[in-house]
Amino acid sequence: MIDIARRFPENPLVVPKDLSPSSEGLAIICLFNPGAFTFEGKTWLVARVAEGIARKPEVISFPAINDQGKTEIVEIPLNDPELIANDPRKLSYKGLGYLTTISHLRLLCSDNGVDFYEPEGYGPLTGQGTHEKFGIEDCRVTKIDDTFYLTYTAVSDNGVGVGLRLTRDWKNFEHKGMIFPPHNKDCAIFDEKINGKFYALHRPVSIEVGGKYIWLAESSDGLQWGNHQCIVKTRTGLWDSARVGAGAAPIKTPYGWLEIYHGANAEHHYALGAFLMDLENPAKIISRTIEPIMVPREEYEISGFFGNVVFTNGHIVNGDEVTIYYGAADESICGAKFSIQEILSLLREL
């Protein structure tokens, strides 16, 4: 498969041991899938921090939110016949689903785009309210005028949907609640209005009929969304045969809106590809890559918490160069550079 990514030689850039857990008794299991933006002359990441319990013999332990909204530790014997735990990310017990970790978001910044640290005065973003009681994940950042729009996956026992927060200074946030109800995720708002309207990519899930496809929605205010259209589907026999989902906000080019997206096959191997949308009517797909533009190939992408994964929901654009920050094997944060023109050259008309 084609891979045109120029990976940072410093990869992985940030790993779980670089940060401290949010509370005693928890351990950072994964640090990955960051949103990315520039602010006050620096490169910033909104990193997903997934915390769990250190492994113990003969039991599986995981954090869960009780009815009082507090985190408690649940332990289940590995030989319990009602336990189904064949995926490191989730499990089923007595017919109910649980995550093996609970996620929150942390801000990291860098003067050079490579060396990241936690800045003082910027606290973590944690789940708020009923729809976020099991955590928030995979933030995407869009700036329109002087406002940053943060879309993220909100998790609770009600399901998985898309939450929205707004900020101008990254210290004060407006919590707008859930803008796409369960089951939905991978929401990326365009960083420019089109004919006076907000546009967003999102990924609802149809279990019985349909699949895990990329949809387009529009809005007059960025809060109420409608005119939903399915625009990109999975492709049988290719690298994105099982699911597709948006990466970060589409990149505006003279030829159309360029979206770097993720796809996965039946073996849960995640890679990156691209497609191009019409500038005035983004529901019209002009072209799409046949082969991926980046595949898991380095050891830190192949082996980890959930191996064979490259997944991005954050990038920084500088002329023809786009720097993506991505989660590798669902465990660490890495960086890679691409030429926008080179990506465009690999697109094929539909």
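Data block above holds the structure.
Residues numbered from 1 in each chain as written. Predicted model: local features only at pLDDT ≥ 70, side-chain atom pairs only at ≥ 80, totals over all residues. Heavy atoms only, no water.

Peer 1: Where do I start with the overall build of the protein in this structure?
Peer 2: Of the regular secondary structure elements, the protein holds 2 helices and 26 strands. What you see for the protein is a C-alpha radius of gyration of 19 Å, in line with the 20 Å of a compact globule of 350 residues. For the protein, the residues scored as buried account for 56% of the 350 residues in total. Intrachain contacts of the protein at a sequence separation of at least 6 include 51% that bridge at least 24 residues. Approximately 15,500 Å² of the protein is accessible, and the part contributed by carbon and sulfur atoms is 47%. (Helix = DSSP H or I, 4+ residues; strand = E, 2+ residues; numbered from the N terminus. Rg over C-alpha atoms; globule rule 2.2 N^0.38 Å. Buried < 20%, exposed > 50% of the residue type's maximum accessible area, 1.4 Å probe, protein only. Contact = heavy atoms within 4.5 Å. Areas by Shrake-Rupley, 256 points an atom, 1.4 Å probe, with all protein chains shown as cover.)

Peer 1: What is the right way to read unusual backbone geometry from this model?
Peer 2: Most peptide bonds take the trans configuration, and most residues that are not glycine carry a negative phi. Cis geometry marks the peptide bond from Asn-11 to Pro-12; its omega dihedral reads -10 degrees. Inspection of the secondary structure puts Pro-12 in the loop between strand S1 (6-7) and strand S2 (27-39). Cis geometry marks the peptide bond from Pro-182 to His-183; its omega dihedral reads -10 degrees. Considering the arrangement of structural elements, one finds His-183 in the loop between strand S13 (173-180) and strand S14 (184-189). In this structure, Asn-308 takes a positive phi of about 60 degrees despite not being glycine. For Asn-308, a relative accessible area of 23% corresponds to the partly exposed category. Backbone geometry places Asp-330, a non-glycine residue, at a positive phi of 55 degrees. Overall, the relative accessible area of 10% leaves Asp-330 in the buried class.

Peer 1: Explanation requested: the pairing of strand S24 (residues 321-328) in the structure shown.
Peer 2: A regular strand places its side chains so that they alternate between the two faces of the sheet. By the criterion of burial, S24 is predominantly enclosed, with 7 of the 8 residues buried. Pairing analysis gives 8 bridges linking strand S23 (residues 310-318) to S24, with the strands arranged antiparallel. Within S24, the residue paired with Gly-314 across the bridge is Tyr-325. By the bridge criterion, 8 bridges tie S24 to strand S25 (residues 332-339) in an arrangement that is antiparallel. Bridging from a neighbouring strand, Tyr-326 pairs with Cys-334 of S25. (Pairing = 2+ DSSP bridges.)

Peer 1: Which parts of the structure should I look at to understand the pattern of salt bridges?
Peer 2: Side chains that differ in sign of charge can pair as their charged atoms come close. Using the criterion set out here, one finds 21 salt bridges in the structure. Arg-288 is the partner of Asp-240 in a salt bridge, and the nearest nitrogen-oxygen pair spans 2.9 Å. On the criterion of sequence distance, the pair formed by Asp-240 in the loop between strand S17 (226-232) and strand S18 (243-246) and Arg-288 in strand S22 (residues 285-289) is long-range, its members being 48 residues apart. Like Arg-288, Asp-240 is buried. Sharing partners across several salt bridges, the network here consists of Asp-3, Arg-7 and Glu-301. (Salt bridge = Lys/Arg side-chain N within 4 Å of Asp/Glu carboxyl O.)

Peer 1: Please clarify how the side chain of Arg-288 should be interpreted in this entry.
Peer 2: Classification of Arg-288 as buried rests on a relative accessible area of 7%. Within the local environment of Arg-288, its side chain forms a polar contact with the side chain of Asp-240, the two groups lying 2.9 Å apart. Engagement of the side chain of Arg-288 in a polar contact is seen with the side chain of Tyr-261, the distance being 3.1 Å. (Polar contact = N/O pair within 3.5 Å; in protein donor to acceptor, adjacent residues only side chain to side chain.)

Peer 1: For this particular structure, what's the right way to read the sheet that holds strand S9 (residues 102-110)?
Peer 2: Strand pairing in a sheet relies on backbone hydrogen bonds. The paired strands run either parallel or antiparallel. Taken together, 3 strands build an open sheet; the order of strands is S2-S3-S9 and the sheet is antiparallel. Here the strands that pair on one side only, and so sit at the sheet edges, are S2 and S9. Taken over all neighbouring pairs, the strand axes of this sheet differ in orientation by 25 degrees on average, direction set aside. Where S2 lies against strand S3 (residues 42-52), 10 bridges are found, and the strand directions are antiparallel. Paired with Ala-27 across the strands is Gly-52, a residue of S3. (Axes fitted to C-alpha atoms, helices over the stretch in contact; angles between N-to-C directions.)

Peer 1: Is there a simple way to think about the environment of Ser-110 in this case?
Peer 2: The topology assignment puts Ser-110 in strand S9. When its relative accessible area of 0% is taken as the criterion, Ser-110 is described as buried. In this structure the C-alpha to C-alpha distance between Ser-110 and Asp-146, which are 36 residues apart in sequence, comes to 21 Å. Apart from residues lying up to four places away in sequence, Ser-110 is in contact with Lys-42, Thr-43, Asp-115, Phe-116 and Tyr-117. Polar contacts involving the side chain of Ser-110 include one to the main-chain amide nitrogen of Val-114, which spans 3.3 Å. Here Asp-115 takes part through its backbone oxygen, which lies 2.9 Å from a polar atom of the side chain of Ser-110.

Peer 1: What exactly am I supposed to notice about the sheet that holds strand S6 (residues 83-87) here?
Peer 2: The antiparallel open sheet is built from 3 strands, whose spatial order is S6-S7-S8. The open sheet is flanked by S6 and strand S8 (96-99), the only strands paired with a single partner. Between one strand axis and the next, the sheet turns through 25 degrees on average, direction left out of account. Relative to S8, strand S7 (residues 90-93) is paired through 4 bridges, and the arrangement is antiparallel. Bridging across to S8, Ser-92 finds its partner in Gly-97.

These figures come from the coordinates and say nothing about function on their own.
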